[in-house]
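Fold and geometry: a report
The residues making up each chain are set out below.
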Amino acid sequence: QVQLVESGGGLVQAGDSLRLSCAASGRTLSSVDMGWFRQAPGKEREVVARISWSGLTTYYGDAVKGRFTISRDNAKNTVYLQMNSLKPEDTAVYYCVAKKSSSYNYEYWGQGTQVTVSS
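Residues numbered from 1 in each chain as written. Predicted model: local features only at pLDDT ≥ 70, side-chain atom pairs only at ≥ 80, totals over all residues. Heavy atoms only, no water.

This next bit is on the sheet that holds strand E1 (residues 3–7). With antiparallel pairing, the four strands of this open sheet are ordered in space as E1-E3-E8-E7. Strands at the two margins of the open sheet, each flanked by one partner only, are E1 and strand E7 (68–73). Taking each pair of neighbouring strands and ignoring which way they run, the sheet shows an average axis angle of 15°. Inspection of the sheet shows E7 paired to strand E8 (residues 78–83) by six bridges, in the antiparallel sense. Bridge assignment links Ile70 to a residue of E8, and that residue is Leu81. (Pairing = 2+ DSSP bridges. Helix = DSSP H or I, 4+ residues; strand = E, 2+ residues; numbered from the N terminus. Axes fitted to C-alpha atoms, helices over the stretch in contact; angles between N-to-C directions.)

Structure follows, in structure tokens:
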């Protein structure tokens, strides 16, 4: 089992930056792939970014490429999402997710943190 707790969300203006953090517990993070999803009101959930257990492989959704950076610190059991040049369309609830490296689907989800970007 993996427990995930997000933090760092809030209300910012367009063009600002935010860094989300996700603290994991319950299983060694070094064997777990991590990621961030988001869901805005009335929209489908979408992947924001993913990072492999080693940190060597990352993936970004088209909407955030070049603006967001995912990273991890396995010693601290923490994953980060640095969000720069935020836009109003980035407004959503952001969820930290995790899965065993051998799994296909993300099995573990945090409770979510709200990010609101005003224009």
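Attention now moves to the pairing of strand E9 (residues 92–100). Where strand E4 (residues 32–39) and E9 come together, eight bridges link them in antiparallel fashion. Within E9, the residue paired with Phe37 across the bridge is Tyr95. Here E9 pairs with strand E11 (residues 113–118) via three bridges, running antiparallel. If you follow Val93 over to E11, its bridge partner there is Gln114.

Let's shift gears to the pattern of salt bridges. Counted by the stated rule, this structure contains six salt bridges. The residue Asp90 makes a salt bridge to Arg38 at a minimum N-O spacing of 2.9 Å. Pair noted here: Asp90 is in the loop between E8 and E9 and Arg38 is in strand E4, with a separation of 52 residues, a long-range link. Neither residue differs from the other here; Asp90 and Arg38 are each classed as buried. One salt bridge connects Glu107 with Lys100, and the closest N-O pair in it is separated by 2.6 Å. The class for Glu107 is partly exposed, based on a relative accessible area of 33%. (Salt bridge = Lys/Arg side-chain N within 4 Å of Asp/Glu carboxyl O. Buried < 20%, exposed > 50% of the residue type's maximum accessible area, 1.4 Å probe, protein only.)

This brings us to unusual backbone geometry. Despite not being glycine, Asn77 has its phi angle at roughly 50°, a positive value. Here Asn77 shows up in the loop between E7 and E8. We note that Ser85 has phi near 50°; this positive angle belongs to a residue other than glycine. Relative to the assigned elements, Ser85 resides in the loop between E8 and E9. Ser85 gets classed as partly exposed once you look at its relative accessible area, which sits at 41%.

Two faces, one strand: in a regular strand the side chains alternate between the faces of the sheet. Judged from the five bridges that link them, E1 and strand E3 (residues 18–25) form a sheet pairing that is antiparallel. Along E3, the bridge assignment pairs Val5 with Ala23.

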